[in-house]
Amino acid sequence: MRAQGHSAAQAARECQGGLPGGLRRDGCTRRAMQGRGGVMGVPGGLCRTGRCDGGAGRAVQDREVCRWLGKGRAARAVRWRRRRRRWAGSGLRQDRGSAAPVGSVEPCRAEPSRAGGTMPSYTVTVATGSQWFAGTDDYVYLTLQGTSGCSERHLLDKPFYNDFERGAVDSYDVTVEEDLGEIQLIKIEKRKYWYQDDWYLKYVTVKTPVGDYLEFPCYRWITDEKEVVLRDGRAKLPRDDKTQILKQHRRKELESRQKMYRWKEWHPGFPLSIDAHSHSELPRDIQFDNEKGIDFILNYTKAMENLYINRFMHMFQSSWSDFADFERIFVRISNTISEYVMQHWKEDFMFGYQFLNGCNPVLIQRCTEIPKKLPVTMDMVECSLERNLTLEEEVKQGNIFIVDYELLDGVDANKTDPCTIQYLAAPICLLYKNLENKIVPIAIQLGQKPGPDNPIFLPSDATYDWLLAKIWVRSSDFHVHQTVTHLLRTHLVSEVFSIAMFRQLPAVHPLFKLLVPHMRFTIAINTKAREQLICECGLFDKANATGGGGHVQMVQKAMKDLTYRSLCFPEEIKAKGMDSKEDIPYYYYRDDGIKVWEAIKSFAEDVIHIYYESDEVVCEDVELQAFVKDIYVYGMRGVKASGFPKMIRTRETLAEYLTVIIFTASAQHAAVNFGQYDWCSWIPNAPPTMRCPPPTEKGTVTIEQIVESLPDRGRSCWHLGAVWALSQFQDKELFLGMYPDEHFVEKPVKEAMAKFRKNLDEIVNTITERNKNKKLPYYYLSPDRIPNSVAV
């Protein structure tokens, strides 16, 4: 990138230094001789011919300057020579006494057109991204395509100025011989100058000779010697394109994207994912700006250093002494949920509360019938029931709830470390709503098949028996949360939506403009996870009992329950019997989730009604239908039982479909991801592995057995580093409703966005007011803490 911070005045002063013999001061002088970054002296004989161009010769000159001047001054000198070559090629005056024109694409004085009048002039404004390495030193050319003709290829360059620096907005005057009519397309070409550098182009605006402004959103990287053809920012459906040139542009964009974004099966039975083995193989537009920022190994190591636990990270097979010993790696942060969890994790109230508002609040459901595989009797639970009703009567009144971890039954435990045998269980937990409307456990069975070696543990049992049974449930809940609730139902599903969007919706389509902020970095984070985290011998294997292949089995089994209706938040809550606020008043995940769902749906409806006049227009949108079909056929593997639509026929159905996509990528992921450190950092409350088998009889459990069952020091540290890293927001995080990239330019859509943000602000205020003075505030679904996309 070019050096920054030089003014034109500095450039003029620097260029007046002494020049040794052999360097010329005439119009053929190279950049190394004058102007911005000019040098005080260059060894004689660098170019005595007076010619500053020529491929091989120029490269030799550049190397000579580098060797003689050193890094900083050499770079400025070579850049200045490049500028001089541009001026020579564009017909600009090269004497320093002449006033420089605004841009390098026109002569110093306006020339008459062939008809004898002044030639039409367009003002072109180019905005470069502000992320690291977004600027370029390459040559940038512009071509305007109008209804009446096409302009020549114009080099965008200004004298005594560094064009296309990071965060810059540069303007140029482009003069054409004849009026081009209505501008339909612009072509931006990038050609190598000295070395290849990528350029992030945000947008281009064009002011026409009659004073109209046209906006051309880009928001993508231009790599190597590539080019992009942009349409103006007005969103268009396929039916809106009448001219052949616009139809062809639309078709070519999708053809190009479908070659870059290819489906691939990572594991049998999984939703298909992107065809890339590593982050670096992804298209540049969807890569992270800084790959180091999402390097899991680096981040986990840093997390352990920040938490001061790196001294324990290699102490595998080394057990803790007791529960208090776990505090040696627990970082206390004043007034946080994690500290409260550490103090109250043994209590039945805290155990039950987590099913409602912990980081996995999606499993609990109202029990309508005690399952035969859980032979609980009235005698067992009578002391836990508070309404003088039988167990059957409590069930009928809706006071009994159940969480069943049947998914874990038969899943292989991690065998990657031969020195440590690890265990899994598939418990069933029965819960009760007491007179205080608190959810508390009343019975736990640690296996799916009842029998004498699979006892039902009760609150009336010995203290350590009951405590260990609850620890096993918490460990099982952790595994289902990480692999199914989090990985499958947010990450992998959102990746399906992302790939289908890039393959089937062109940039001009209103649904692409609506969805693309919610697909930001999703494919990249999943690719990095497959590369480092959940791959064979990845970080997931280090500390988790479902590592080494168990997590793969879990996803494969969970696919049968991944249905379209289960992703519709209000319907899923209702299907589990958890929708009544009167019966279950403290289910904040439900309350906040429905508010956010309704706000997103209202926004989606507003956008849909701007572009789709009727249901017929929805049916006729071939790109929309291809998008929906791609998700069903490839993402959901064409399984009819998934309930994913093959086609969308109404605006109402489309609004729901888009709400599912946006809610899953934003709110649902936030609800199950960013509470991981709060609820899982106290190891006994969420053990990532268990080193002893589940107890098969009562009355034998000791505190020593419990501590021996819990993760060793090394696995505990890796677990703590993982939940810390996963709970952090990205740098410069974009939260729900924040759309700094202006893909939409129409006023009605911007008004819809403003309404959306207002609705979200009201939700934030409601949640903030509710959380005041709460020891356990629930804020994971507060819109100001919901990132737009799955990016961590």
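The present account deals with the structure reproduced in this document. (Residues numbered from 1 in each chain as written. Predicted model: local features only at pLDDT ≥ 70, side-chain atom pairs only at ≥ 80, totals over all residues. Heavy atoms only, no water.)

### Describing the overall build of the protein chain
Stage number 1. A count of helices and strands for the protein chain gives 24 helices and 15 strands.
Stage number 2. Going through the 792 residues of the protein chain one by one, you find that 58% of them count as buried.
Stage number 3. Across the protein chain, every contact between residues at least 6 apart in sequence was considered, and the portion connecting residues at least 24 apart equals 74%. (Helix = DSSP H or I, 4+ residues; strand = E, 2+ residues; numbered from the N terminus. Buried < 20%, exposed > 50% of the residue type's maximum accessible area, 1.4 Å probe, protein only. Contact = heavy atoms within 4.5 Å.)

### A look at the nonpolar core
Stage number 1. Grouped together as the largest cluster of nonpolar side chains are 159 residues, with contacts concentrated most on Ile364, Tyr612, Phe627 and Trp679.
Stage number 2. It is helix H11 (residues 463–504) that provides the largest number of residues to this core, a total of 20 residues.
Stage number 3. In terms of nonpolar packing, the next biggest core, distinct from the first, is built from 25 residues, Tyr122, Val140, Phe164 and Leu214 among them. (Core = buried A, V, L, I, M, F, W, Y, C linked by side-chain atoms within 4.5 Å.)

### What to know about unusual backbone geometry
Negative phi is the rule for most residues except glycine; trans is the rule for most peptide bonds.
Stage number 1. In the Ramachandran plot, phenylalanine 521 falls in the positive-phi region, its phi being about 70° despite a non-glycine side chain.
Stage number 2. Within the fold, phenylalanine 521 resides in the loop between helix H12 (510–515) and helix H13 (522–533).
Stage number 3. Given the relative accessible area of 13%, phenylalanine 521 is considered buried.
Stage number 4. For arginine 637, which is not glycine, the phi torsion reads 60° and is therefore positive.

### Let's talk about the packing of aromatic side chains
Stage number 1. Evaluated as defined, the whole model comprises 29 aromatic pairs.
Stage number 2. With a centroid separation of 4.5 Å and an interplanar angle of 25°, the aromatic rings of phenylalanine 288 and phenylalanine 521 are classed as stacked. With phenylalanine 288 in the loop between strand E10 (273–274) and helix H5 (296–306) and phenylalanine 521 in the loop between H12 and H13, this residue pair connects regions lying 233 residues apart in the sequence. Residues phenylalanine 288 and phenylalanine 521 agree in their burial class; the two are buried. (Phe/Tyr/Trp six-rings, centres within 6.5 Å; stacked < 30°, edge-to-face > 60°.)

### As for the pattern of salt bridges
Stage number 1. According to the stated counting rule, one finds 37 salt bridges in the structure shown.
Stage number 2. Arginine 715 is the partner of aspartate 417 in a salt bridge, and the nearest nitrogen-oxygen pair spans 2.7 Å. Linking aspartate 417 in the loop between strand E12 (400–404) and strand E13 (428–433) with arginine 715 in helix H23 (residues 713–726), this pair joins segments that are 298 residues apart in sequence. Neither aspartate 417 nor arginine 715 differs from the other in exposure class; each is buried. (Salt bridge = Lys/Arg side-chain N within 4 Å of Asp/Glu carboxyl O.)

### Observations regarding the sheet that holds strand E14 (residues 439–445)
Strands belonging to one sheet form pairs held by backbone hydrogen bonds; the direction of such a pair is parallel or antiparallel.
Stage number 1. Read from one edge of the open sheet, 5 strands run E11-E12-E13-E14-E15, paired in antiparallel fashion. Two strands close off the open sheet at either side, each with one partner strand: strand E11 (365–366) and strand E15 (456–457).
Stage number 2. Along the sheet, helix H8 (residues 348–357) contacts E12, E13 and E14; its crossing angle with E14, the most-contacted strand, is approximately 95°.
Stage number 3. Strands in contact with H11 are E14 and E15; relative to E14, the strand with the most contacts, it is inclined by about 95°. (Pairing = 2+ DSSP bridges. Axes fitted to C-alpha atoms, helices over the stretch in contact; angles between N-to-C directions.)

### Digging into helix H20 (residues 651–673)
Stage number 1. Between its terminal C-alpha atoms H20 stretches 32 Å, which fits the 33 Å expected from 23 residues at 1.5 Å a residue.
Stage number 2. In the structure, H20 departs most strongly from a straight axis at phenylalanine 663, where the bend amounts to approximately 45°.
Stage number 3. Among the 23 residues in H20, 20 count as buried, and that is most of the element. (Expected span 1.5 Å × (residues − 1). Bend = angle between axes of the 7 residues up to and from the residue.)

### Here we look at the side chain of threonine 689
Stage number 1. Within the secondary structure, threonine 689 is located in the loop between helix H21 (676–680) and helix H22 (703–709).
Stage number 2. Among the polar contacts made by the side chain of threonine 689, one reaches the side chain of glutamine 422 at a distance of 2.6 Å.
Stage number 3. Excluding residues within four positions of it along the chain, threonine 689 makes contact with Gln422, Ser475, Ala543, Asn544, Ala545, Ser709, Leu710, Pro711 and Arg715. (Polar contact = N/O pair within 3.5 Å; in protein donor to acceptor, adjacent residues only side chain to side chain.)

### Section: the packing of helix H4 (residues 244–260) against H11
Two measures define how a pair of helices packs: the angle their axes make with one another and the distance between the axes.
Stage number 1. Contact pair H4 / H11: the axes reach a minimum separation of 7 Å and the direction vectors enclose 140°. The angle between H4 and H11 places the two elements in the oblique class. Between H4 and H11, the residues in contact are Leu254, Arg257 and Gln258 and Met501, Phe502, Arg503 and Gln504, respectively.
Stage number 2. Class assignment of the residues belonging to the contact of H4 with H11 gives a composition of 3 nonpolar, 2 polar and 2 charged. (Parallel < 35°, antiparallel > 145°, perpendicular 65-115°, else oblique. Nonpolar A, V, L, I, M, F, W, Y, C, P; charged D, E, K, R; others polar.)

### Side note on the sheet that holds strand E8 (residues 227–231)
Stage number 1. Reading across the sheet, the 4 strands line up as E3-E2-E5-E8 and stay open at both edges, with antiparallel pairing between neighbours. Whereas interior strands pair on both sides, the edge strands pair on one side only; in this sheet they are strand E3 (154–155) and E8.
Stage number 2. Note: strand E5 (residues 183–191) against E8, 5 bridges, orientation antiparallel. Within the sheet, the bridge partner assigned to lysine 187 lies in E8 and is valine 229.

### Brief notes about the packing of H11 against helix H19 (residues 622–635)
Stage number 1. Running from N to C, H11 and H19 cross one another at 140°; their axes reach a closest spacing of 9 Å. With respect to each other, H11 and H19 are oriented oblique. Every pair of crossing elements has a handedness; the one defined by H11 and H19 is right-handed. Between H11 and H19, the contacting residues are Val496, Phe497, Ala500, Met501, Arg503 and Gln504 on the first element and Glu623, Ala626, Phe627, Asp630, Ile631 and Gly635 on the second.
Stage number 2. A per-class count over the contact of H11 with H19 returns 7 nonpolar, 2 polar and 3 charged. (Left-handed = near helix turned anticlockwise from the far one by under 90°.)

Geometry only, nothing functional implied.
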